[in-house]
Amino acid sequence: MSADDPRLLGQLLALLVHDLRNPVATIGANLSYVSEVGSGTLDTDAQEALNDSTSALQGLTSGLDNMAFLSRWVANEPAAAALEGSVVDALRSVAARERPSVLTLAVGEGVARARGAQTLPRLLEILLANAEQHAAGKPVTLRALREGDDVIIEVEDAGRAIAAELRDIAFTAAGQLKLKERSDGRYGRSLGLFAAGLLAQAMGARLEAAGKDGAAIIRVVLAAT
């Protein structure tokens, strides 16, 4: 097996992710311990430092997840399984998590099961992280509706929309550097939008960038089952 073999490179990336998860887990356990024993006793600066460290750790963990998806892509393997499931359950699990922005959930009639829905929470977390990155502190709307044979899910925020000329490449490898260069590219940290594209492809879903500045939309289109 040569050093430029895609499968070998993918396996090496996956091994790197695996090895990095151990120190990340240790840092997480120590932060939780400090938070528990210091509850009510930390001064404002110390508590802010602890909160910032916890937020940074969450970003690092998400980055490792995205690197894991990248390792599978390099090895020509799907990022996830296209397992059907309940869209409503997936949306509720996402909406129940604590997050910096106020999240409003709206589910229309006929939204039930869809192909790839078991992976939907992870995909939506990437898109919500993008919303929080580009519209910090502003409300986010997560809506789902049924159109014919499709279940359509939209993440809408008050940030800048992806520029029209970038929308076709926003979720591809080739597009990431172009997105990073522009404020209307909405580059996602740790190749977030590319990772979202890999997940969507594996799920049998389609991602679309839409909306306008102040009402930016990223849309997930799933096949209803």
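None of the values given here were measured: they were computed from a predicted structure.

Thresholds, definitions, all that
Residues numbered from 1 in each chain as written. Predicted model: local features only at pLDDT ≥ 70, side-chain atom pairs only at ≥ 80, totals over all residues. Heavy atoms only, no water. Core = buried A, V, L, I, M, F, W, Y, C linked by side-chain atoms within 4.5 Å. Buried < 20%, exposed > 50% of the residue type's maximum accessible area, 1.4 Å probe, protein only. Helix = DSSP H or I, 4+ residues; strand = E, 2+ residues; numbered from the N terminus. Contact = heavy atoms within 4.5 Å. 1 Å grid on protein atoms, 1.4 Å probe; cavity = no way out; pocket = protein on both sides within 12 Å on 5 of 7 lines; lining within 4 Å. Points joined across faces, edges and corners; volume = space filled by probe spheres on them. Nonpolar A, V, L, I, M, F, W, Y, C, P; charged D, E, K, R; others polar. Phe/Tyr/Trp six-rings, centres within 6.5 Å; stacked < 30°, edge-to-face > 60°.

**Q** Break down the nonpolar core for me, citing the residues and quoting the values.
**A** In terms of nonpolar packing, the biggest core is built from 47 residues, with V87, L120, L124, I153, V220 and L222 touching the most fellow members. Of all the secondary-structure elements, those providing two or more residues to this core are α2 (44–74), α3 (87–95), α4 (120–134), β4 (140–147), β5 (150–157), α6 (192–203), β6 (206–212) and β7 (215–223). Among residues more than four places away in sequence, those in contact with V220 are L120, L123, L124, L127, V151, I152, I153, A205, R206 and L207. If you look at the next biggest cluster of nonpolar residues, it comprises seven residues, including V17, L50, L64 and A68.

**Q** With reference to specific residues and values, describe the layout of surface pockets.
**A** By volume, the largest pocket amounts to about 990 Å³. Lining the largest pocket are 29 residues, with Q58, G59, S62, A129 and E132 sitting closest to its centre. Broken down by secondary-structure element, the contributors of at least two residues to the lining of the largest pocket are α2 and α4. A per-element tally of the lining of the largest pocket places α2 first, with 10 residues. When the residues that make up the lining of the largest pocket are grouped by side-chain class, the tally is six nonpolar, 15 polar and eight charged.

**Q** How would you explain the packing of aromatic side chains if you had to name every residue and give the values?
**A** Inspection of the entire model under this criterion finds one aromatic pair. Consider the rings of W73 and F194, whose centres lie 5.0 Å apart with planes at 90°: the pair is edge-to-face. Residue W73 is found in helix α2, and its partner F194 is found in helix α6; the two are separated by 121 residues along the sequence. With relative accessibility at 40%, the residue W73 sits in the partly exposed group. Judged by relative accessible area, F194 falls into the buried class, the value being 6%.

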